[in-house]
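What follows is each chain in one-letter form.
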Amino acid sequence: MRIGNVAGRLAIAAGDEWVDVEQASAGRFAADPQAVYERWDEFRAWAADVPAGAPRVSGPLGVPVPAPRQLIAIGLNYREHAIESKLDIPEHPVVFAKFQSSLTGPDSVVELPSGGVDWEVELVVVIGREAHQVPAEKGWDHVAGLTVGQDLSWREVQTRGPAPQFSLGKSYPGFSPLGPAVVTPEEFADKDDLAIRCSLDGEVLQDGRTSDLIFSVSELVSRLSEALTLYPGDLIYTGTPKGVGMGRTPRRFLTPGALVSSIEGIGDLTINLVNEPVNEPVSEGA
Ligand code: ZN
């Protein structure tokens, strides 16, 4: 099953069309795309048997999971990326927060502040069942589905100060693109081995596989849940493969264009990057 936010309404894919869940369920499930994760098992059971003639919805795609209570991100979770970052391979997941105000959907316009914004394509996990102190072999049982994310990163902000503080430099407006849809785990032939890549105006920047994750999806759910309670509808950005701009010589950062992030079996998440408008100085006494 593919779940989308179509014109602000919860929808499930039927071929090239989208079924409007609120209408198709006669109001049993709300149109709010976030609310469904609170009733995930009930929704799965209902969605398995949607009538062929169910009402459709069309319109622009929005953020598929627009209001997670927690938006957790993992750093240095691919071996080659840790090496290009000149940091040790972690023994424990490197955890930080991204903030909800930075979420944006497919096809949105994101302004690049001057000073070096980097790209990080990431597999994003959507939690479907509350998780606390879950063993690694049960991690997938708590996952509703997978989607594509970008962890846009203003490196200058991320690395300033006496200790690195990832969260703020990765949470500027539009710095957490998400989409195009949430895909449930049984849709993948091997959910632990998916091609992941991103490109800017057609030039490939990153090209990896999620089987190279140091901490796999099930391991991350387990390790995070040692401390946290993960709630339905929470997001985990699982880390980025090698190929970021900061790891290049010379360093490279994003320029205006179409940034396309793709994961096998989920699809393309495209955002349009533009330069932030330069503020004219306000003349005094005007
Ligand atoms: Zn990241």
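Preceding this section is the structure that the text describes.
The following refers to the structure shown.

Quick notes on the rules
- Residues numbered from 1 in each chain as written.
- Predicted model: local features only at pLDDT ≥ 70, side-chain atom pairs only at ≥ 80, totals over all residues.
- Heavy atoms only, no water.
- Salt bridge = Lys/Arg side-chain N within 4 Å of Asp/Glu carboxyl O.
- Helix = DSSP H or I, 4+ residues; strand = E, 2+ residues; numbered from the N terminus.
- Buried < 20%, exposed > 50% of the residue type's maximum accessible area, 1.4 Å probe, protein only.
- Donors = N, O, S within 2.8 Å, 3.2 Å for Na, K, Ca; no water.
- 1 Å grid on protein atoms, 1.4 Å probe; cavity = no way out; pocket = protein on both sides within 12 Å on 5 of 7 lines; lining within 4 Å.
- Points joined across faces, edges and corners; volume = space filled by probe spheres on them.
- Nonpolar A, V, L, I, M, F, W, Y, C, P; charged D, E, K, R; others polar.
- Phe/Tyr/Trp six-rings, centres within 6.5 Å; stacked < 30°, edge-to-face > 60°.
- Lys NZ or Arg CZ within 6 Å of the ring centre and 35° of its normal.
- Pairing = 2+ DSSP bridges.
- Axes fitted to C-alpha atoms, helices over the stretch in contact; angles between N-to-C directions.
- Core = buried A, V, L, I, M, F, W, Y, C linked by side-chain atoms within 4.5 Å.
- Contact = heavy atoms within 4.5 Å.

### Examining the pattern of salt bridges
Turning to step 1, where the next piece is worked out: Under the counting rule described, the total for this entry stands at 19 salt bridges.
Turning to step 2, where the next piece is worked out: Glu120 is the partner of Arg155 in a salt bridge, and the nearest nitrogen-oxygen pair spans 2.8 Å. Within this pair, whereas Arg155 is found in helix α4 (residues 155-159), its partner Glu120 is found in the loop between β9 (117-118) and β10 (121-127), the two being separated by 35 residues in sequence.
Turning to step 3, where the next piece is worked out: Judged by its relative accessible area of 5%, Glu120 falls in the buried class.
Turning to step 4, where the next piece is worked out: With a closest N to O distance of 3.2 Å, Glu120 and Lys170 form a salt bridge. Taken together, the residues span a long stretch of sequence, with Glu120 in the loop between β9 and β10 and Lys170 in the loop between α5 (166-169) and β13 (176-183) at a distance of 50 residues.
Turning to step 5, where the next piece is worked out: The exposure class assigned to Lys170 is buried, which follows from its relative accessible area of 1%.
Turning to step 6, where the next piece is worked out: Among the charged side chains, a network of salt bridges with common partners joins Lys98, Asp118, Glu120, Asp151, Arg155 and Lys170.

### Some details on the coordination of the zinc ion
Turning to step 1, where the next piece is worked out: Of the protein atoms, only Glu120 (OE), Glu122 (OE) and Asp151 (OD) coordinate the zinc ion, at distances of 1.9 to 2.1 Å.
Turning to step 2, where the next piece is worked out: Sequence spacing among the residues donating to the zinc ion works out to E-x1-E-x28-D. On the criterion of sequence distance, the pair formed by Glu122 in strand β10 and Asp151 in the loop between β11 (143-150) and β12 (153-154) is long-range, its members being 29 residues apart. By the burial criterion, Glu122 is buried, and Asp151 matches it.

### A short note on the layout of surface pockets
Turning to step 1, where the next piece is worked out: By volume, the largest pocket amounts to about 330 Å³.
Turning to step 2, where the next piece is worked out: Taken together, 24 residues make up the lining of the largest pocket; nearest its centre are Ser85, Leu87, Gln158, Phe166 and Met246.
Turning to step 3, where the next piece is worked out: Broken down by secondary-structure element, the contributors of at least two residues to the lining of the largest pocket are β5 (71-75), α3 (79-84) and α4.
Turning to step 4, where the next piece is worked out: Here the lining of the largest pocket takes three residues from α4, the largest share from any one element.
Turning to step 5, where the next piece is worked out: Looking at the lining of the largest pocket, its residues break down into eight nonpolar, eight polar and eight charged.
Turning to step 6, where the next piece is worked out: What the second largest pocket holds in volume is close to 150 Å³.
Turning to step 7, where the next piece is worked out: In this structure, the second largest pocket is lined by Leu112, Pro113, Ser114, Gly115, Gly116, Val117, Phe253, Leu254, Asn275, Glu276, Pro277 and Val278.
Turning to step 8, where the next piece is worked out: For the lining of the second largest pocket, the class distribution of residues is seven nonpolar, four polar and one charged.

### Concerning the packing of aromatic side chains
Turning to step 1, where the next piece is worked out: One pass over the full model with this rule turns up eight aromatic pairs.
Turning to step 2, where the next piece is worked out: Look at Phe29 and Trp46: their rings are 5.5 Å apart centre to centre, the planes differ by 50°, and that puts the pair in the tilted class. Of the two residues, Phe29 sits in the loop between α1 (21-24) and α2 (40-47) while Trp46 sits in helix α2, which places them 17 residues apart along the sequence.
Turning to step 3, where the next piece is worked out: A relative accessible area of 14% places Trp46 in the buried class.
Turning to step 4, where the next piece is worked out: The interplanar angle of 75° and the centroid separation of 5.1 Å between the aromatic rings of Phe96 and Phe166 together place this pair among those described as edge-to-face. Of this pair, Phe96 sits in strand β6 (residues 94-97) while Phe166 sits in helix α5, and the two are 70 residues apart along the sequence.
Turning to step 5, where the next piece is worked out: The structure contains a cluster of three or more aromatic residues connected by ring pairs, namely Phe29, Tyr37, Trp40, Phe43 and Trp46.
Turning to step 6, where the next piece is worked out: In this structure, Lys170 is placed above the aromatic ring of Phe166, and the distance from its NZ or CZ to the ring centre is 5.7 Å.

### Some points on the sheet that holds strand β18 (residues 267-275)
Turning to step 1, where the next piece is worked out: With mixed pairing, five strands are arranged side by side in an open sheet as β8-β18-β17-β14-β15. The open sheet is flanked by β8 (109-112) and β15 (203-209), the only strands paired with a single partner. With direction set aside, neighbouring strand axes in the sheet form an average angle of 20°.
Turning to step 2, where the next piece is worked out: Relative to β18, β8 runs parallel, the two sharing four bridges. Across the sheet, residue Val110 finds its bridge partner in β18, namely Leu273.

### Considering the nonpolar core
Turning to step 1, where the next piece is worked out: One finds Leu146, Leu254 and Leu259 to be the most contacted residues of the largest nonpolar core, which totals 43 residues.
Turning to step 2, where the next piece is worked out: Listing elements by their share of this core, those giving two or more residues are β5, β8, β10, β11, β14 (195-200), α6 (217-227), β17 (257-263) and β18.
Turning to step 3, where the next piece is worked out: Sequence-distant contacts of Leu259, that is, excluding residues within four places in its chain, are made with Gln150, Leu152, Cys198, Ser199, Leu200, Leu205, Leu254, Leu269, Thr270, Ile271 and Leu273.

Spatial relationships are all this shows, so hold off on functional conclusions.
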